[in-house]
Number of protein chains: 2
Amino acid sequence: MNKIRVISKKDIEAHLNMLDAVRAVEETYVLNSEKEIVLFDTVFYDFEEGKADMDIKSGTVDKAGIFGFKLMSWFGENAKNGMETLVGNIMLYDRKTGSPLALLDGSSITGMRTGAAGGIGTKYLARKNSEEILMVGAGNQAPYQIAAHLMLLDGIKRVYVYDAMSYESAVKFCETIKEKLFNDFLSRFADNPQFFNELMKKYDIEFNPVDDIENAVKKADIIITATPSRKPMIMKEWLKPGTHLTCMGADMVGKQEIDENIFTVARVFTDDIEKTSKTGEMEIPIKKGLFLKSDIICEIGKVIKGENPGRLSDNEITLFDASGLAAQDLITAKELLSKANQNNFGVVVEL
Amino acid sequence: MNKIRVISKKDIEAHLNMLDAVRAVEETYVLNSEKEIVLFDTVFYDFEEGKADMDIKSGTVDKAGIFGFKLMSWFGENAKNGMETLVGNIMLYDRKTGSPLALLDGSSITGMRTGAAGGIGTKYLARKNSEEILMVGAGNQAPYQIAAHLMLLDGIKRVYVYDAMSYESAVKFCETIKEKLFNDFLSRFADNPQFFNELMKKYDIEFNPVDDIENAVKKADIIITATPSRKPMIMKEWLKPGTHLTCMGADMVGKQEIDENIFTVARVFTDDIEKTSKTGEMEIPIKKGLFLKSDIICEIGKVIKGENPGRLSDNEITLFDASGLAAQDLITAKELLSKANQNNFGVVVEL
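Residues numbered from 1 in each chain as written. Chains lettered and ligands numbered in written order. Predicted model: local features only at pLDDT ≥ 70, side-chain atom pairs only at ≥ 80, totals over all residues.

1. With respect to the relation of the copies chain A and chain B
Argument step 1. For these two chains of identical sequence, chain A goes onto chain B by a turn of 180° and a shift of 0.0 Å along the axis, with RMSD 0.0 Å. Expressed as a symmetry operation, the mapping of one chain copy onto the other fits a two-fold axis. Distance from the rotation axis, computed per C-alpha, reaches its smallest value in chain A at V43(A): 3.9 Å.
Argument step 2. An overlap of 97% is found between the interface residues of chain A and their copies at the interface of chain B, pointing to a shared contact surface. (Least-squares fit on C-alpha atoms with pLDDT ≥ 70 in both. Contact = placed C-beta atoms within 7 Å.)

2. Observations concerning the packing of helix α2 (residues 18-33) of chain A against helix α11 (residues 326-343) of chain A
Between two packed helices, the angle of one axis relative to the other and the distance separating the axes together describe the packing.
Residues and elements named next belong to chain A.
Argument step 1. One way to put it is that α2 packs onto α11 with a least axis distance of 8 Å and a crossing angle of 130°. Between α2 and α11, the crossing angle belongs to the class labelled oblique. Helix-helix and strand crossings are classified by hand; for α2 and α11 the assignment is right-handed. Contacts between α2 and α11 involve D20, A21, R23, A24, V25, E27, T28 and N32 on the former and, on the latter, A327, Q328, I331, T332, E335 and L336.
Argument step 2. In terms of residue class, the contact of α2 with α11 is built from six nonpolar, four polar and four charged. (Axes fitted to C-alpha atoms, helices over the stretch in contact; angles between N-to-C directions. Helix = DSSP H or I, 4+ residues; strand = E, 2+ residues; numbered from the N terminus. Parallel < 35°, antiparallel > 145°, perpendicular 65-115°, else oblique. Left-handed = near helix turned anticlockwise from the far one by under 90°. Nonpolar A, V, L, I, M, F, W, Y, C, P; charged D, E, K, R; others polar.)

3. Some points on the sheet that holds strand β15 (residues 267-270) of chain B
Residues and elements named next belong to chain B.
Argument step 1. Read from one edge of the open sheet, eight strands run β10-β9-β8-β11-β13-β17-β15-β16, paired in parallel fashion. Looking along the sheet, the strands with just one partner apiece sit at the ends: β10 (206-209) and β16 (298-299).
Argument step 2. Taken together, the four bridges between strand β13 (residues 244-247) and strand β17 (residues 318-321) define a ladder with parallel strand orientation. Along β17, the bridge assignment pairs H244 with T318.
Argument step 3. Here helix α3 (residues 107-125) sits on the sheet in contact with β11 (222-225), β13, β15 and β17, set at roughly 160° to β13.
Argument step 4. In the packing of helix α5 (residues 167-185) onto the sheet, contacts are made with β9 (158-162) and β10, and the angle to β10 comes to roughly 165°. (Pairing = 2+ DSSP bridges.)

See below:
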């Protein structure tokens, strides 16, 4: 007889905070750079092109004692019925016995761990005196990126928000982002007043929508991209020395957010060399022969461990190319399961 | 917010009976022969060769309104700790919205649907005047095969049981099988006294262990194989005219239970042409050039629908080669979920 813990979206929203996600993703990155993670083949199926698809990403993290998967579906028509378009779940299993351990909502963990991933890349690579962030893309993922970045960085004064689809989206985003940061991220630290107060100050800064991306890129110290773009929006000539780019959008063949020539001048780091070279932002520069897999400095896990210094000077352009690892979900889920076992949230059921 | 129903092994053992499984598997076979089932690529991972592995089999059955997967692990060392070696689960999702519908224990459904599959193949292909069955293999799957066969066939008088590993296993199996049939299969029909009484008579027959497989094959009207064998145990010369074989063991490359020459004389049916030609009992005869994929008469679904007569005379040798479809699990799970929604077993939890 097996007992598993079911952890709902509501539980996750109440109990998983961005610090948990950062801890889990840093652990993942270190394990990944130590070759301690095995990812299995992804299963992908297009139910109806452009309308509905699903994928199953699975893998094992022997050192963490778990294996498991995340199944995520995208059903575009759900929006018409007021339902979420992205649904799915994560399951964890005991690596020693194969027994199922936990079933968790997938979309809420994905949002947090992706925000954490971007924030970590920037924390280790951007100039310490960075003050201005340009957020490219005002979609679902943008609040997570901003929440993680502002939490992990000190001294940020201003965030510019650009949306390629419409300036109005960027305007609307800037009008509501503070409330969102307070409600969805800050509130989860209510039990830690000192951290809460520090974070509140970090979240209480200027958010400016921008229409002219070239001008915004020229000012930005840090650029985050999180869009489904298939053509470059940011040109190499616009970048000032010392800029850091965190590219989160490209996670499958054909996606591209930035000028491929940026790869000829940047110091490039990734979450996973094999994966990003095939499906990350660097896929196209590699295919065009502008960049080689061997030009990658290293996986970010080595920078986290101190085995690589990351940025070498304030004049360099640095780039973090992340296409996401299922192990981030598994380890974040494991972190949350430990918390749930301690604090008894979620529901334990017999399976 | 999603609500899903969790249906435990205990629930399944109390509520899923062999008739439900037969109904679900017949539905699967018909849908499969109508090309209404899409199976995705299988994910397989060997944690430690010969000690632990896992696979994820997934697919969609649009006509049944569901998609989903079965994840099964085998952890050989579990036996030492008194735990089951085969563990895993099935999950169903709504094909219209992607929402998760149910989480079910996997091993108990697998056992039932595999028993049902074998019984169905034999029901449609064996001579109606068959009286003697030879069960080859006295492992986990044998009771399921026997339970389904005796339920679906009329006039069976005797079951011979052969185990290639040890005669003692066959003896022990025959000593305990009736109790097992009564406790694990018959008891689930307590609410249907007429069917219960008929089935009790069908289960209350002779079970004889055999040491000499050649002699048993010569007598048998029906031969069921359910072993992990990698070399033939049954030779073509031993078969009498009119024999039917249901081969359940071969489900991956390299497995073989019967003489490949049997394929040169038998009328051969399968659960799925593509799958059995690659991983079923026919894999080796095809590779040796003794049998062609085009020699397959048809998928059993066409026989169930009446589009193919199946057996043509009492003198023919017929063969049902089944290597199993994940859709059998999904549709059996769906059948059980409907029953659970009606009779309110299992636990509904928020996800």
